[in-house]
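If you want the building blocks of each chain, they are given just below.
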Amino acid sequence: MDSSGRLILMAVHAHPDDETISMGGTLATYAATHSQTTDTYVVTSTRGELGEIVITERDTPEEHERLGETRMSEIAAAMAALGVTHFENLGFRDSGMVGDAGNEDPRSYHQHSTTDLDGTTERLVRIIRRVQPDVIATYDDFGGYGHPDHIAAARVARRAWEVAGDPTWRPGAGPAWSPKKLYEVRTPDSQRDKLITTRIDITKHLGAKRRAIQAHATQIKSDGPLLLLSEQDYLDLGPYEQYRLIDHRIPEVPSIPESDLFAGLR
Ligand SMILES: [Zn+2]
């Protein structure tokens, strides 16, 4: 909770664009720009500097050289579209897709989290202890689709969930703080997925989510599946982002299904 009593959602992601694609509507819903009672913090672990550039004319060595900076300005534009004013980057190096040479780079997020999980987690715990989020949302154990950085983000977020509230764990990283609920985002094609506990109706923010997707211009094709569907198509499909509550620290057993990540905390 922040000093004005707002409940805080912290989203923990791997690369710029993941936050918007997987939970952009949720981030907008809870950003202070759109809500008097909640706020949103976005943490991205890498700058996505090993990703592809989907605009043919810009797919050049020079553009790849500065891709990390480009992606940081794209996420800034995406956050502006969603109304999210707090976002930061943990500063790890992109690991690339499974099997890329980047996986082996000792600077990569994947290698850091594999060889020194707690050292990697400390960077996130510092932010958690400073911001004091009530809810954390990240990926499932498989990182949604198996990307090494997504798996790393999921592991680091879970480890931070365990240790941030322990005053004896790395006391130099700030005063202990225990978030109250931990979620993993579930992909939209699993609407009948038994694991889903929580559905957020993002009808009001479909337009903002589309603009945020467009802001990630070098990695999301303007004629690709995410942008080909109209707002009406999304409404027809069911305008929800879906989550699974994987752990919590609230006294009553949460009543499932939920329609609010802060259910039981308000
Ligand atoms: Zn990613």
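Worth saying up front: this structure is predicted, and the values here are computed from it rather than measured.

Let us now look at the packing of helix α1 (residues 18–30) against helix α7 (residues 206–215). Orientation of α1 relative to α7, taken along the N-to-C sense of each, is 140 degrees, at an axis distance of 9 Å. The pairing of α1 with α7 is recorded here as oblique in orientation. Considering how the two elements wind past one another, α1 and α7 form a crossing that is right-handed. Contacts between α1 and α7 pair T20, I21, G24, G25 and A28 from the former with L206, A208, K209, A212 and I213 from the latter. Tallied by class, residues from the contact of α1 with α7 come to six nonpolar, three polar and one charged.

Before going further, it helps to spend a moment on unusual backbone geometry. Glycine aside, negative phi is the norm for most residues, and most peptide bonds take the trans geometry. Of note, the amide linkage connecting I256 to P257 takes the cis form, showing an omega dihedral of 5 degrees. One can find P257 in the segment after β7 (240–248). Residue Q132 is not a glycine yet carries a positive backbone phi of 60 degrees. With respect to the helices, strands and loops of the structure, Q132 is situated in the loop between α5 (117–131) and β4 (135–138). The residue R170 is not glycine, and still its phi comes out positive at about 45 degrees.

About the criteria used
Residue positions are given per chain, counting from 1 as you read along its sequence in written order. Whole-chain, interface and lining totals are the exception, using all residues; otherwise, since this is a predicted model, local features are given only for residues with pLDDT of at least 70 and side-chain atom pairs are given and counted only at 80 or more. The axes are straight lines fitted to the C-alpha atoms, using for helices just the contacting stretch, and the angles between their N-to-C directions are given from 0 to 180°. In this text, helices come from DSSP runs of H or I with a minimum length of four residues, and strands from runs of E with a minimum of two, each type numbered from the N-terminal end. Should an angle lie under 35 degrees it is considered roughly parallel, over 145 roughly antiparallel, and from 65 to 115 roughly perpendicular; all remaining angles are considered oblique. Whether a crossing is left-handed or right-handed is set by the direction in which the near helix is turned from the far one by less than a right angle, anticlockwise for left-handed and clockwise for right-handed. Here, residue contact means that the backbone-derived C-beta atoms of the two residues sit within 7 Å. Residues are grouped as follows: Ala, Val, Leu, Ile, Met, Phe, Trp, Tyr, Cys and Pro are nonpolar; Asp, Glu, Lys and Arg are charged; every other residue, Gly included, is polar.

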